[in-house]
Amino acid sequence: MSTTAAAIEARRAATAQMLQRVGQALRQMRREHARITVAAVARRAGVSRTFLYQNDQARRLIATAAGDRTAAAQDSKPDPAEASWRQRALNAEHELKRAHSEIATHRNQIGELLGRIRDLEHDLPPDGVQRVLAENHNLRAQVRQLAQDHRQLEERLAGARDNNRFLDKRIADLEAQLAERQGPGCLAATSPASPT
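Worth saying up front: this structure is predicted, and the values here are computed from it rather than measured.

Quick notes on the overall build of the protein chain
Next, step 1: Scanning the protein chain from terminus to terminus reveals 7 helices and 0 strands.
Next, step 2: Carbon together with sulfur atoms contributes 55% to the accessible area of the protein chain, which is approximately 16,300 Å² in total.

In structure tokens:
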């Protein structure tokens, strides 16, 4: 047997083996009710798409399994559900990367702030926190006392203004009564003399 004949025989055996794998893959896909496409069959059978497109017997097997529809035409049309799924997966991957980046940024900020807190705590004496809390409590008590004093003073001021208005009115009434009792002549006598 010549080397050419041996090569042709080996090629036929390899083709037969690939066709057998394609047939097994198609039977398995039909049992699983899987969608039959050239790409899916090629993956499942472990053969190239080129082999499936170029080999007539492989094309017939796929067409028969797909229900007399050519798998090549079906494969050329992208499945909207698959495209949608891929888009969602890409979006999820993008959002995941963005979330990881944001988490890393927040962790850096938290670490920096914790470092600042430690620095501030380090500068304080051991009883510094208790002293600061006690001073804060005292200052709040003073603020409350001052607010109460302020309200009392405002109430006193309002009372004094009311008394002042009442007394002004009383003085005006008394002056009017005095003027009525003394008469017009008395008013002339009390007014300053005109120069001659």
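Overview of the nonpolar core
Next, step 1: Among the nonpolar cores identified, the biggest contains 18 residues, and Val22, Leu26, Ile36, Val41, Phe51 and Leu52 are the most heavily contacted of them.
Next, step 2: Among the secondary structure elements, those contributing two or more residues to this core are helix 1 (3–32), helix 2 (38–45), helix 3 (49–54) and helix 4 (56–65).
Next, step 3: Sequence-distant contacts of Phe51, that is, excluding residues within four places in its chain, are made with Thr15, Met18, Leu19, Val22 and Ala58.

Some words on the pattern of salt bridges
Next, step 1: Considering all chains together, one arrives at 7 salt bridges under this definition.
Next, step 2: The salt bridge involving Asp56 is made with Arg59; its shortest N-O contact spans 2.6 Å. Of this pair, Asp56 and Arg59 both sit in helix 4, separated by 3 residues, roughly a single helical turn.
Next, step 3: Its salt-bridge partner being Arg116, residue Glu112 comes within 3.0 Å of it at the nearest N-O pair. Note that Glu112 and Arg116 are positioned in helix 6 (residues 80–123) at a spacing of 4 residues, about one turn of the helix.
Next, step 4: Put simply, Glu95, Arg98 and Glu102 are held in one network by salt bridges that share partners.

Things to note about the confidence of the model for the protein chain
Next, step 1: In the predicted model, the protein chain carries a mean pLDDT of 80, and 83% of its residues have values of at least 70.
Next, step 2: Helix 2 holds the highest mean pLDDT among the elements of the protein chain, 88, whereas helix 5 (residues 71–76) holds the lowest, 47.
Next, step 3: Scored below 50 in pLDDT, residues 68–73 shows 8 contacts in the model against residues more than four places distant or in partner chains.

Points about helix 1
The α-helix winds at 3.6 residues per turn, so residues separated by three or four positions along the chain end up facing the same way.
Next, step 1: For helix 1, which comprises 30 residues, the first-to-last C-alpha distance of 43 Å matches the rise-based estimate of 44 Å (1.5 Å per residue) to within 8%.
Next, step 2: The set of residues buried in helix 1 consists of Leu19, Val22, Gly23, Ala25, Leu26 and Met29.
Next, step 3: In the segment just after helix 1, His33 is the residue with positive phi, at about 55°.

Examining helix 4
Next, step 1: Along helix 4, the residues classified as buried are Ala58, Ile62 and Ala65. Down the axis, helix 4 shows its buried residues gathered within 65° of arc, on one side only. Across helix 4 from its buried face, at more than 90 degrees, point the exposed residues Arg60 and Thr64.
Next, step 2: For helix 4, the side-chain oxygen to backbone nitrogen distance between the N-cap and Gln57 is 3.0 Å, and the N-cap itself is Asn55.

Side note on the packing of helix 1 against helix 4
Next, step 1: For the pair helix 1 and helix 4, interaxial distance at closest approach is 10 Å and the crossing angle is 5°. Judged by the angle between their axes, helix 1 and helix 4 are roughly parallel. Contacts between helix 1 and helix 4 involve Leu19, Val22, Leu26 and Arg30 from the former and Gln57, Ala58, Leu61, Ile62 and Ala65 from the latter.
Next, step 2: Here the residues of the contact of helix 1 with helix 4 sort into 7 nonpolar, 1 polar and 1 charged.

Things to note about unusual backbone geometry
Next, step 1: Backbone geometry at His33 places phi at a positive 55°, although glycine is not the residue there.
Next, step 2: Here His33 is to be found in the loop between helix 1 and helix 2.
Next, step 3: Residue His33 is classed as exposed on the basis of its relative accessible area of 73%.

A word on a nonpolar patch on the surface
Next, step 1: Residues Ile110, Leu114 and Ile117 make up a contiguous nonpolar surface patch of roughly 260 Å² in combined accessible area.
Next, step 2: Along the polypeptide, Ile117 turns up in helix 6.
Next, step 3: The class for Ile117 is partly exposed, based on a relative accessible area of 43%.

Observations regarding the side chain of Asn55
Next, step 1: For Asn55, the position within the fold is in the loop between helix 3 and helix 4.
Next, step 2: Judged by relative accessible area, Asn55 falls into the buried class, the value being 15%.
Next, step 3: Looking at Asn55, its side chain comes within polar contact range of the main-chain nitrogen of Ala58, at 3.0 Å.

So, how was this worked out
- Residues numbered from 1 in each chain as written.
- Predicted model: local features only at pLDDT ≥ 70, side-chain atom pairs only at ≥ 80, totals over all residues.
- Heavy atoms only, no water.
- Helix = DSSP H or I, 4+ residues; strand = E, 2+ residues; numbered from the N terminus.
- Areas by Shrake-Rupley, 256 points an atom, 1.4 Å probe, with all protein chains shown as cover.
- Core = buried A, V, L, I, M, F, W, Y, C linked by side-chain atoms within 4.5 Å.
- Buried < 20%, exposed > 50% of the residue type's maximum accessible area, 1.4 Å probe, protein only.
- Contact = heavy atoms within 4.5 Å.
- Salt bridge = Lys/Arg side-chain N within 4 Å of Asp/Glu carboxyl O.
- pLDDT = per-residue confidence, 0-100.
- Expected span 1.5 Å × (residues − 1).
- Arc of directions from axis to C-beta.
- Polar contact = N/O pair within 3.5 Å; in protein donor to acceptor, adjacent residues only side chain to side chain.
- Axes fitted to C-alpha atoms, helices over the stretch in contact; angles between N-to-C directions.
- Parallel < 35°, antiparallel > 145°, perpendicular 65-115°, else oblique.
- Nonpolar A, V, L, I, M, F, W, Y, C, P; charged D, E, K, R; others polar.
- Patch = residues over 30% accessible without salt bridge, like charges linked within 9 Å, V, L, I, M, F, W, Y side chains within 5 Å.

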